[in-house]
Amino acid sequence: MSKLVMKMLATGAAVSMLTLPGAAPAVASSLGGDSVRQAPAEASLPDPSSDNSSPDDSSDAASSAADAEAAADAEAGPDAEAGPDNTADKTADNTADKDASAQAAAEGTKVQLLNITDFHGRIAEAGTQLASVVEEERAKYAAQEGTAGTGFLSAGDNIGASTYVSSSQQDSPTLDVLNAIGTQASAVGNHEFDQGIDDLTGRVSSESDFPYLAANVYDKGTTDVVDGLDGYTTIDVGGVKVAVIGVVTKDTKSLVSPAGIAGLDFGDPTDAVNRVAGEIEALPDDEQPDMTVVEAHLGASSTESLGDAQASNAEFDKLVSEADASVDVLFTGHTHLPYSFEAPVPGEPDRTRPVVEAGSYGEYVGQVQLEADAEGNWTTENSDLIKTEKKSYDSPVVDEVAKIIADADEKAKVPGSVVAGEISEDITRATKDGEEDRGAESTLGNLVADALKDGVEGTQLDEADFGITNPGGLRTDLRCDDIYNTEDKCEVTAAELSSVLPFANDHGVVTMQGSDVIGLFEEQWQPADASRPFLHLGISDELEVVYDSDAAKGEHVKSVEVDGNKLDPNKEYRVATLSFLAAGGDNFSSFAKGEFELSGLTDFETWVDYFEKSTDENEKVSPDNDERQADLAKDVIDNGDLTVDLAAPDNGIEPGESKDFVLNTTAEAEVPGPVDVTVDLPEGYTVSAADSESAGAQKAAKSETAKAPEVKVDAAAKTMTLESIPAGASDVAINVTAPDDASGEVTVEVGLKAGEGEWWDDNPLPVSHEFDATAQIGDEANAAAGDDGGVDGTSDVAGSDADSNASADGGAGGAGGANASGSDANADGANADVSGAASANADGSGVEADGSKDGGDLPRTGFEALNLVAAALALIVAGSMAVTMVRRRKTTV
């Protein structure tokens, strides 16, 4: 034995055995913790069912049976007639059954399989822990009596989307770690294609001591597995031959840059598994495996039960329910969810097989322990997910892994420790139930889009109109407490920025039609066979999008605005983005209709530049907590759960006088806040706080049905924030003062929108709604009512939709009329004086006057009070007002 082989045995590295004439195909040996113990060949394993059997007896019996089968075949001949009583037919049937299990492991043979998936180069975070679990479980299993050995496999995404220690060195350190642990085979994941098929079949494969398997990755237009990858391989696990078939999700075609896979087709994974299973069954007897395992880079999106898991993903369901019965174990991946199920074997209701996914990032090791029965089938003795956190095990393999990681970390620290900028607070991806949610808006996604747009400046390209990025490109968060080396809290290093965008995509600009931009936002609703039903694009500050998630396919997008102006479907727009999206990645095919110009930068370089620019300007990078895409289906005003009115003061306003405009809300149920209210006034008019005496009088006047919401006033920020909107009716008084020289009429506009609550994509008021009311000023108001005459006023019941009219009779003043809109007011008497008239109407930004959903302006962080020229702004809750002679009309937006 050579010194090199001796060294590899000592360290637990994987060894490829040469194929000799007449021998089985080359197999990789597991040389981990139990590899020093050579398990006996399968024919010499004792038969637990016979107390008197010996290894030699067992071998002789097997040989005799094989001879008898051969003789029966020869005697029956190829033309033997079939029939229920035909001896030759029965002999042939028995022979076929024997052949199918000719290489089956002897009854009682025990094998352990360990598995990982979606490691994504997390060597610095979990490398030694992963190695410790694998080595410890190998050793523990080897110590058990009658066990053959342990195999170590992967379901793909070993590399790509890696953290900086690995990604800064093209993931070579990760491959070194997997080699040291003794990985025997791996399915390709979608991220193995991040740098294209040539990189995978060239550099990556050459640096891997294990084969990459891709039974459903074909040369375009064929079903021939692409050169450089294998459909399956056979590994040796302590003398047991294990066939490993590898497949990857069909979604791969939309998950990686199309340019790198232009010559490939991704076929149906289960069809590929069954095709290869047939090929394996057709092998000569001496090449037949004892066990068949599938490594599938596809998985379930729900883990509550096997039924829920199957219902969550069509590819997963088909694999579990239709993969050939010869498959003994299904290892899955891609969805990053840990689960372990036992699923029925199709066509064999009395048998089950394990279905396991080991989470992601090396947090778990999947473990399956199996035992062969008398028919050559494998039953599950144990199936588990072993957490790797804080695991440590004394082993030469673990020591070697630790050294690989330490060397890689040292090389990465010099460039990675450079501080690029500082954040004011955490900037994160969207989450749901503690897990990343790519179907929701995130502050990180929007910030990256800002950086992509900003990054065009200073390049040879013309300026971009806005930026767009995909949620799958965001691989970690930016958090103040994450420290890479010796930087201060909230400082962000190059390594941390690389971890967010690790793919090294090319940066550039796509010039595309406005109609195609609308198409992009419609394509957020993914095809029916996609692994995720909705992907929420990150968009830059210039864009505002309103959509309706309840609308029919193709009709979700209601409004797209660029810098406050409606997007023109017939105009060209320049969109800063990444090469992945520009080529139509993630099923955003509308991008591919445009022309892509490269800036010469990568996404990482643009990202770093954005932070360094902020540093140069002595600014911290902060998240924008305002929603840039709003869902009208969540809007309580749009769906009718909340109605809002704004009523002008009953008797108008005299010059220099202060009067209350009343905002009335009627809610089916409490609307959670905060809700921001802003006021827009003509020049010279001001809004001021009511004094405490007035406020007290108003509170005393409140009716039981008009409740006051809890309110917080911030004059400096020009906002009034309602903590919530109570169920039922509630009134908020807005005190307006007219200038001394006021005349004519005044229109007050009030905006309503959800404040800075933590409800991304679950927002009760995602779009702003504006309500306005107009009051007459001074003499005009009095003249309208009739100065000298008594008034005979009439009124409908409060809240009806007909106009109210007041007529004046007698006296020299003639007659006057008043028309007002508001809410819930009754006439206070038949002969009340009317000294003024008021009218009010309302419309909602983003909603047409007829109530149609058209979208509109989405306010920025805080709430902007447009055209408000006031020395100070303070708003206060006031009581419901005794409004006489004017019936208010309720307006639903």
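Residues numbered from 1 in each chain as written. Predicted model: local features only at pLDDT ≥ 70, side-chain atom pairs only at ≥ 80, totals over all residues. Heavy atoms only, no water.

> Is there a simple way to explain the sheet that holds strand E20 (residues 466-469) in this structure?
Sheets are built from strands paired through backbone hydrogen bonds, the pairs being either parallel or antiparallel. Taken together, 5 strands build an open sheet; the order of strands is E23-E20-E27-E22-E28 and the sheet is mixed. Lying at the two open borders of the sheet, with one neighbouring strand each, are strand E23 (538-539) and strand E28 (595-602). Note: strand E22 (residues 506-513) against strand E27 (residues 572-578), 7 bridges, orientation antiparallel. Pairing of threonine 511 across the sheet is with arginine 574, part of E27. Contacting E20, E22, E23 and E27, helix H15 (residues 514-522) crosses the sheet at an angle of about 115° to E22. The strands that helix H17 (residues 603-616) touches are E22, E27 and E28; relative to E28, the one it contacts most, it runs at about 65°. (Pairing = 2+ DSSP bridges. Helix = DSSP H or I, 4+ residues; strand = E, 2+ residues; numbered from the N terminus. Contact = heavy atoms within 4.5 Å. Axes fitted to C-alpha atoms, helices over the stretch in contact; angles between N-to-C directions.)

> Please explain a negative patch on the surface as it appears in this structure.
Together, Glu605, Asp609, Glu612, Asp616, Glu617 and Glu619 line one region of the surface with negative charge. Locating glutamate 612 in the fold gives a position in helix H17. (Patch = residues over 30% accessible without salt bridge, like charges linked within 9 Å, V, L, I, M, F, W, Y side chains within 5 Å. Areas by Shrake-Rupley, 256 points an atom, 1.4 Å probe, with all protein chains shown as cover. Salt bridge = Lys/Arg side-chain N within 4 Å of Asp/Glu carboxyl O. Lys, Arg positive; Asp, Glu negative; His and termini not counted. Charge placed at Lys NZ, Arg CZ, Asp CG, Glu CD.)

> Would you take a moment to explain H17 for this structure?
Look at H17: 20 Å from first C-alpha to last across 14 residues, which is about the 20 Å you get at 1.5 Å a residue. Within H17, burial applies to Asp603, Thr606, Trp607, Val608, Tyr610, Phe611 and Ser614. Immediately downstream of H17, the backbone of asparagine 618 shows phi near 55°, a positive value. (Expected span 1.5 Å × (residues − 1). Buried < 20%, exposed > 50% of the residue type's maximum accessible area, 1.4 Å probe, protein only.)

> Can you walk me through the packing of helix H6 (residues 172-181) against helix H7 (residues 197-207) in this structure?
One can describe the packing of H6 onto H7 by two numbers: an axis separation of 9 Å at closest approach and a directional angle of 45°. The orientation of H6 with respect to H7, classified from their angle, is oblique. The residues of H7 that touch H6, namely those facing Ser172, Leu175 and Asn179, are Arg203, Val204 and Glu207. Along the lines of polarity and charge, the residues of the contact of H6 with H7 split into 2 nonpolar, 2 polar and 2 charged. (Parallel < 35°, antiparallel > 145°, perpendicular 65-115°, else oblique. Nonpolar A, V, L, I, M, F, W, Y, C, P; charged D, E, K, R; others polar.)

> Got a minute to help me understand the nonpolar core in this structure?
The nonpolar side chains of a soluble globular protein tend to be buried, and buried together. With 45 residues, the main nonpolar core has Val188, Phe193 and Val217 as its most contacted residues. Listed by contribution, the elements that provide at least two residues to this core are strand E3 (110-116), helix H4 (123-142), helix H5 (164-167), H6, H7, strand E10 (264-266) and helix H12 (396-416). For this core, the leading source of residues is H12, giving 7 residues. In this structure, phenylalanine 193 is in contact with Val188, Leu200, Val217, Thr252, Val256, Ile261, Leu264 and Phe266, ignoring residues within four places of it in sequence. Counting residues in each nonpolar core, the second largest holds 35 residues, with Leu646, Val671, Leu765 and Ala773 among its members. (Core = buried A, V, L, I, M, F, W, Y, C linked by side-chain atoms within 4.5 Å.)

> How do you make sense of the state of the cysteines when you look at a structure like this?
Two cysteines whose sulfur atoms are joined by a covalent bond form what is called a disulfide. Going through the model one piece at a time under the given rule, you end up with 1 disulfide. Here cysteine 480 is linked by a disulfide to cysteine 490, with a sulfur-sulfur distance of 2.0 Å. Sign of the S-S torsion, about 100° for the bond between cysteine 480 and cysteine 490, identifies this disulfide as right-handed. Note that cysteine 480 is positioned in the loop between E20 and strand E21 (491-493) and cysteine 490 in the loop between E20 and E21, a separation of 10 residues in sequence. For the pair shown, cysteine 480 and cysteine 490 are each scored as buried. (Disulfide = S-S within 2.5 Å.)

> Would you mind going over the sheet that holds strand E15 (residues 364-372) with me for this structure?
Strand order in the open sheet formed by 6 strands is E6-E5-E4-E3-E15-E16, with mixed pairing between adjacent strands. One side of each edge strand has no neighbouring strand; the edge strands of this open sheet are strand E6 (212-213) and strand E16 (378-387). Inspection of the sheet shows E15 paired to E16 by 9 bridges, in the antiparallel sense. When the sheet's bridge partners are listed, valine 368 is paired in E16 with serine 383.

> Explain unusual backbone geometry to me, please; I cannot follow it from the model alone.
Proline 674 follows glycine 673 through a cis peptide bond whose omega is 5°. Structurally, proline 674 can be placed in strand E32 (residues 671-680). Positive phi, close to 65°, is recorded for lysine 390, a residue that is not glycine. Positionally, lysine 390 belongs in the loop between E16 and H12. Overall, the relative accessible area of 76% leaves lysine 390 in the exposed class. In this structure, aspartate 563 takes a positive phi of about 50° despite not being glycine. When you line up the elements, aspartate 563 lands in the loop between strand E25 (557-562) and strand E26 (565-566).

> Looking at this structure, I do not really get the environment of glycine 307. What am I missing?
Turning to its location among the elements, glycine 307 is positioned in helix H10 (residues 306-312). Along the primary structure glycine 307 and alanine 343 are separated by 36 residues, whereas in three dimensions their C-alpha atoms are 9.6 Å apart.

> Hey, could you run me through the packing of aromatic side chains in this one?
Each aromatic ring pair is summarised here by two numbers: the centre-to-centre distance and the angle between the ring planes. For the structure on display, the rule yields 11 aromatic pairs. A centroid spacing of 5.4 Å and a plane angle of 80° characterise the contact between phenylalanine 193 and phenylalanine 266, whose relative ring orientation is edge-to-face. You can see phenylalanine 193 sitting in the loop between strand E5 (185-187) and H7 and its partner phenylalanine 266 sitting in strand E10, a full 73 residues away along the chain. Neither phenylalanine 193 nor phenylalanine 266 differs from the other in exposure class; each is buried. Of the aromatic side chains, those joined through ring pairs into one cluster are Phe316, Tyr339 and Phe341. One Lys or Arg, arginine 122, reaches over the ring of tyrosine 361 and ends 3.9 Å from the middle of that ring. Across from the ring centre of tyrosine 484, 5.8 Å away, lies the NZ or CZ of lysine 413, which sits over that ring. (Phe/Tyr/Trp six-rings, centres within 6.5 Å; stacked < 30°, edge-to-face > 60°. Lys NZ or Arg CZ within 6 Å of the ring centre and 35° of its normal.)

> Mind showing me how you'd approach the pattern of salt bridges here?
Side chains that carry opposite charge are capable of pairing whenever their charged atoms lie near each other. The final tally for this structure, using the stated rule, is 31 salt bridges. Of the charged contacts in the structure, one is a salt bridge between arginine 275 and glutamate 279, with a shortest N-O distance of 3.5 Å. On the criterion of helical spacing, the pair formed by arginine 275 and glutamate 279 is a turn pair, its members being 4 residues apart in helix H9 (residues 269-281). Its relative accessible area of 40% is what places glutamate 279 among the partly exposed residues. Residue arginine 479 is joined to aspartate 426 by a salt bridge in which the shortest nitrogen-to-oxygen separation is 3.2 Å. Pair noted here: arginine 479 is in the loop between E20 and E21 and aspartate 426 is in the loop between strand E17 (419-422) and strand E18 (431-432), with a separation of 53 residues, a long-range link. By relative accessible area, arginine 479 is classed as partly exposed at 35%. Judged by its relative accessible area of 32%, aspartate 426 is partly exposed. A cluster of three or more residues bridged by salt bridges with shared partners is formed by Asp426, Arg429, Glu436, Arg438, Asp477 and Arg479.

Keep in mind that these numbers describe shape and distance, not what the molecule does.
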